[in-house]
Amino acid sequence: RVFTDTKLTARLNVVQSMMSLLQKLAVFYPECPLNAYLEDIKCVSVFSDVSFQDSVGMDDISVSNRHLHNLSKSVHKLWNWSVIREVYHLRLHREFWFMENMDYWFDKVAQLMHNPYSPDIEDWLRLRVRTSGINDYFMKDPEYGVTIQLRDVGGERNERRKWNKLFEDVNCIFYVCSLAQYCLSLYEDEKQLGLMENIQLFHELIQNKWLRYCKFIVLLNATDLFKESLMHTPLTFCFGDEYHGRNYHDPDISKTKTCEYVIRRLIMHDIDTRLEMKLSQDVVGVINSYCDNIKFIRWLDVVYRDGVQFMKQ
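Model, not experiment: these values are computed from the prediction.

(A) Geometry of the overall build of the protein. Summing up its helical and strand segments, the protein has 15 helices and five strands in all. Long-range pairs, those at least 24 residues apart, make up 70% of the contacts in the protein between residues at least 6 apart in sequence. For the protein, the accessible surface area stands at approximately 17700 Å², while carbon and sulfur atoms represent 51% of it.

(B) A look at empty space enclosed by the protein. Applying the stated criterion to the full structure yields one cavity of 30 Å³ or more. Roughly 120 Å³ of volume is contained in the largest cavity. In terms of lining residues, the largest cavity is bounded by 13 residues, among which Arg91, Glu100, Asn101, Leu184 and Leu225 are the most central. With three residues, the top contributor of residues to the lining of the largest cavity is helix α11 (residues 223-230). Its residues assigned to classes, the lining of the largest cavity comprises seven nonpolar, two polar and four charged.

(C) Representation of the pairing of strand β3 (residues 172-178) in the model. In terms of burial, β3 is a largely internal element, five of the seven residues being buried. Two elements, β3 and strand β4 (residues 215-221), share seven bridges in a ladder whose sense is parallel. Along β4, the bridge assignment pairs Ser178 with Asn221. Taken together, β3, helix α10 (residues 194-206) and β4 constitute a β-α-β crossover, and its handedness is right-handed.

(D) Here's a closer look at the packing of aromatic side chains. Scanning all chains against the criterion turns up 11 aromatic pairs. Each ring, one from Trp79 and one from Tyr88, has its centre 5.1 Å from the other, and the planes form 85°; the classification is edge-to-face. By relative accessible area, Trp79 is classed as buried at 2%. We classify Tyr88 as buried; its relative accessible area is 5%. Between Trp79 and Phe106, the aromatic rings sit 4.8 Å apart at their centres with planes inclined by 45°, giving tilted as the arrangement. Of this pair, Trp79 sits in helix α4 (residues 65-79) while Phe106 sits in helix α6 (residues 102-107), and the two are 27 residues apart along the sequence.

Cut-offs applied
Residues numbered from 1 in each chain as written. Predicted model: local features only at pLDDT ≥ 70, side-chain atom pairs only at ≥ 80, totals over all residues. Heavy atoms only, no water. Helix = DSSP H or I, 4+ residues; strand = E, 2+ residues; numbered from the N terminus. Contact = heavy atoms within 4.5 Å. Areas by Shrake-Rupley, 256 points an atom, 1.4 Å probe, with all protein chains shown as cover. 1 Å grid on protein atoms, 1.4 Å probe; cavity = no way out; pocket = protein on both sides within 12 Å on 5 of 7 lines; lining within 4 Å. Points joined across faces, edges and corners; volume = space filled by probe spheres on them. Nonpolar A, V, L, I, M, F, W, Y, C, P; charged D, E, K, R; others polar. Buried < 20%, exposed > 50% of the residue type's maximum accessible area, 1.4 Å probe, protein only. Pairing = 2+ DSSP bridges. Right-handed = clockwise from strand over helix to strand, strands pointing away. Phe/Tyr/Trp six-rings, centres within 6.5 Å; stacked < 30°, edge-to-face > 60°.

The structure is reproduced here in structure tokens:
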């Protein structure tokens, strides 16, 4: 079931993201000639139609290998079109919101659209699945004699109104903050930078009266994309003159120093000194340290046990 859902989600993400680039192409390059790519655009458009997805789907049974092969060829051709690449790079300057890691999926579209296809650990790490609603998970540990209830909640603005009723009796919060969003637009508001929204939201959470004695574990995510983005867009794009450290044009750029600055912005001086904080390394780094392609579940076990030990301190 997990493999099927991952495959379907990845395929839909590829189609929807390519359609997003084509729509932005019409905005930024309205005079661009399309004649050589009309058939490819039409192919992607058919698969992006919601009614088509509902009636046909994109799994092994409903869509023939021939259709998937044609879709793969069209996406590959469009992705290697220089104008589409230019549009793609505009996302780094807050021109529009765009799903992360899609270059990874565009590059391996032939493998993704080929049946049979099974995702590997790298695919899981780079797959974007929108969290909606409240998802509860229960984990029992006979060693500690405790049962942990883990609640995964959506972070988008329209999901946050559901949070307040969950704050009672919360012992620990894992706050995942994407560093790569320092130059990326927010999904709900393309005029707002994602990282600034994350920092503001974090400050609101730690000052919430219901979370006064709650422990926070902050996970700084997407550091690989963060380092890549710094080569094109300086950190001053987000923080302006407040940031006086290294930027992308400096020969001795240090990801560590730039991360430290973001951490300082997260942990402001006006935070209650009684608040207990723990900063973890990048999520991808944690997973790569504790799991392999066969036993992916080991990472979940490590995070769970570390979380139990942290809360018992």
